[in-house]
There are 4 protein chains.
Amino acid sequence: MTDNYDECIELMTRRGISLEDCAECTYFLQAKYIKGLTMADCVRAVDEVMHDRDIQNAVIIALELDVLAEKGTIESKYIKEAMMKDDGLFGVDELIGLGMAFNYGPVALTSFGYIDKIKPGRIGELNSKKDSVCNTFADDVIGAIASCAASRLAHA
Amino acid sequence: MTDNYDECIELMTRRGISLEDCAECTYFLQAKYIKGLTMADCVRAVDEVMHDRDIQNAVIIALELDVLAEKGTIESKYIKEAMMKDDGLFGVDELIGLGMAFNYGPVALTSFGYIDKIKPGRIGELNSKKDSVCNTFADDVIGAIASCAASRLAHA
Amino acid sequence: MTDNYDECIELMTRRGISLEDCAECTYFLQAKYIKGLTMADCVRAVDEVMHDRDIQNAVIIALELDVLAEKGTIESKYIKEAMMKDDGLFGVDELIGLGMAFNYGPVALTSFGYIDKIKPGRIGELNSKKDSVCNTFADDVIGAIASCAASRLAHA
Amino acid sequence: MTDNYDECIELMTRRGISLEDCAECTYFLQAKYIKGLTMADCVRAVDEVMHDRDIQNAVIIALELDVLAEKGTIESKYIKEAMMKDDGLFGVDELIGLGMAFNYGPVALTSFGYIDKIKPGRIGELNSKKDSVCNTFADDVIGAIASCAASRLAHA
């Protein structure tokens, strides 16, 4: 299987998500636990997570689903509507985010749950989006990447 | 949130999956543990699972992804190819299947893992598909529904 | 398998955990989402969760582990010490809490992660404990029960 | 946090579990997928898994619970009985096994489910135990370690 790091980063960029956005959330999660933690540490941890193929696959699928919802390509009228308004009970977005976090242990899982409620930094911005834009999966993608990186730092 | 039972069943039917297909796998999983288990019991348990909204959402998203891969609508060349040949390391399909099984406890989770390797009944048929057809998510959908129903029967 | 509701409630009581303690956390989690939510609703949801056998088993095992750590019965010097000081990287407590939350879907999982960081109500009190007391599993038990009840209310 | 590799291996040895026992199950899981796989590869993968602290903690807790059940130290009459006869609906053993497998992604999770049903090698032997012996957690420990190692090999 090829490494899809480049494709993944490109798709994230197109959807308005940078490694720094993720790293800020990682910093938010870990600064109180790790003395002297820097943003550079967080960016490095995020970058390592992005080299994980399971993460890459989940990110690409998740962000493509947002694109497809915007384009109206998803057939199910119900799912399309649920995604366009980020319905709190839709659940598949959290499920993919949690699936990413699973691979990085309990610290990643509880961090993901925390960030999903608090919505710090770029996650909050993506949530207050225009009506024609779908970020249903995008915010969970940032939250999951940030949480996985937080777990790497916690265990370092 | 509206109940999407009907939409879900219709989409499953269009993708060649019946409640009986799922129930057969449930029977395969539970017959050795439950004395006197009938196919009717299994169909009933499967039908109950299909009324769960978390399951409905996951099933619709999963089967739509197969449709989108067949149509070539998914942009990522890599993901499209991985889905068309059901690449064993793709992982997002198992992740959604496991996400469905989570909600039904350890019996559902271990059953899903078992069925994912053995591929009984309709799952095996869906796996030996033509090149133009994508059943990457379809087989995990059957496996997950069957496993959730198996867990319901185990705890009844 | 017998229902262990009574045994479970008794053990919780002995460890200083009431249904109301759990219900307060559930209220904390759901009050902002459900208009007119009452503490009585939360207590009822918590009580329903306590009738789930998978929950009962996990609660009993978890709280017994705290008791055994206090008594010094656990052989492993390392685990005993990690439990007595609730070492943040110990992880088995969160793992059992997450395992309980799994059964109640994504809302329960993200709620558990949130509450694990915020530590509202009784959870915070259990965390600021005396040196001779072990509440390593107790706080995750409350968090998990509260999160499962929150998920029941969200889907009601 | 100190590395508990040595303590973990010693406890496993005392409970009749060797790295080779785990490696045999890993071989059973992966031989059909990886051409030229050797037992030495599997032992190496198992050994790497054993250096993971989350795994060590879960293994120590799990095996101690078996010891405590045998000694009769667990207070709950119900849990003691459920553990001594490895009651199929007890669930906490699978939950800890699944928690270990989570950290190693979907391949580990589905492998754990598969092995939990098939019970190859040492797992089957541990299951047909004498009445005074408790291996409720031991078999899930082997299955989980083997599945995590299988996932490492699959992604190598």
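Residues numbered from 1 in each chain as written. Chains lettered and ligands numbered in written order. Predicted model: local features only at pLDDT ≥ 70, side-chain atom pairs only at ≥ 80, totals over all residues. Heavy atoms only, no water.

Moving on, we come to the overall build of chain A. What chain A contains, in helices and strands, is nine helices and zero strands. When the elements of chain A are put in sequence order from the N terminus, they spell out α-α-α-α-α-α-α-α-α. The C-alpha atoms of chain A give 15 Å as radius of gyration, which agrees with the globular expectation for 156 residues (15 Å, within 12%). Taken along its principal axes, the extent of the C-alpha atoms in chain A is 50 × 35 × 25 Å. (Helix = DSSP H or I, 4+ residues; strand = E, 2+ residues; numbered from the N terminus. Rg over C-alpha atoms; globule rule 2.2 N^0.38 Å.)

A few words now on the relation of the copies chain A and chain D. Superposition of chain A onto chain D requires a rotation of 180° combined with a translation of 0.0 Å along the rotation axis, giving an RMSD of 0.0 Å. Between the two chains, the operation in question is that of a two-fold axis. Looking at the rotation axis and the C-alpha trace of chain A, the residue lying nearest is A:Asn103, at 2.1 Å. Interface overlap between copies: 100% of the residues of chain A at the interface are likewise at the interface in chain D, consistent with a symmetric, same-surface contact. (Least-squares fit on C-alpha atoms with pLDDT ≥ 70 in both. Contact = heavy atoms within 4.5 Å.)

Take the pattern of salt bridges next. In total, this model carries 36 salt bridges over all chains according to the counting rule given. Members of the salt-bridge network, linked through shared partners, are A:Glu10, A:Arg14, A:Lys71 and B:Glu75. (Salt bridge = Lys/Arg side-chain N within 4 Å of Asp/Glu carboxyl O.)

With that out of the way, let us pick up the state of the cysteines. The tally for this structure, following the rule as stated, stands at zero disulfides over all chains. No disulfide involves A:Cys22; its nearest neighbouring cysteine sulfur is the one of A:Cys25, lying 6.9 Å away. Free of any disulfide, B:Cys42 has its nearest neighbouring cysteine sulfur in B:Cys25, separated by 10 Å. (Disulfide = S-S within 2.5 Å.)

The next subject is the interface of chain B and chain A. Contact residues are listed per partner, giving 32 residues for chain B and 32 residues for chain A. Summing both partners gives a buried area of about 2600 Å² for chain B against chain A, and 66% of it is carried by carbon and sulfur. Of all residues in chain B, the largest losses of buried area upon contact with chain A belong to B:Ile61, B:Glu75 and B:Tyr78, amounting jointly to 22% of the total for that side. Between the two partners, chain B and chain A, sit four salt bridges. Two residues, B:Arg14 and A:Glu75, come together in a salt bridge whose shortest N-O distance is 3.2 Å. For the pair chain B and chain A, the number of links is 12 residue pairs in polar contact (both at pLDDT 80 or more). Every element with two or more residues in the side of chain B that touches chain A is listed here: helix H1 (5-14), helix H4 (53-71), helix H5 (77-84) and helix H6 (92-102) of chain B. Here the side of chain B that touches chain A is built from residues that sort into 18 nonpolar, six polar and eight charged. (Buried area = accessible area lost by both parts, 1.4 Å probe. Polar contact = N/O pair within 3.5 Å; in protein donor to acceptor, adjacent residues only side chain to side chain. Nonpolar A, V, L, I, M, F, W, Y, C, P; charged D, E, K, R; others polar.)

All names here are of chain B. Interaxial distance between helix H2 (residues 19-30) and helix H3 (residues 39-50) falls to 8 Å at its minimum, and their mutual angle equals 115°. As for the relative orientation of H2 and H3, their crossing is right-handed in sense. Here H2 contributes Leu19, Glu20, Cys22, Ala23, Glu24, Thr26 and Tyr27 to the contact with H3, which in turn contributes Met39, Cys42, Val43, Val46, Asp47 and Met50. Here the contact of H2 with H3 is composed, by residue class, of nine nonpolar, one polar and three charged. (Axes fitted to C-alpha atoms, helices over the stretch in contact; angles between N-to-C directions. Left-handed = near helix turned anticlockwise from the far one by under 90°.)

Further remarks concern the confidence of the model for chain A. For chain A, the mean per-residue pLDDT works out to 91, and 98% of the residues sit at or above 70. Scoring the predicted complex yields pTM 0.85 and, for the interface, ipTM 0.85. (pLDDT = per-residue confidence, 0-100.)

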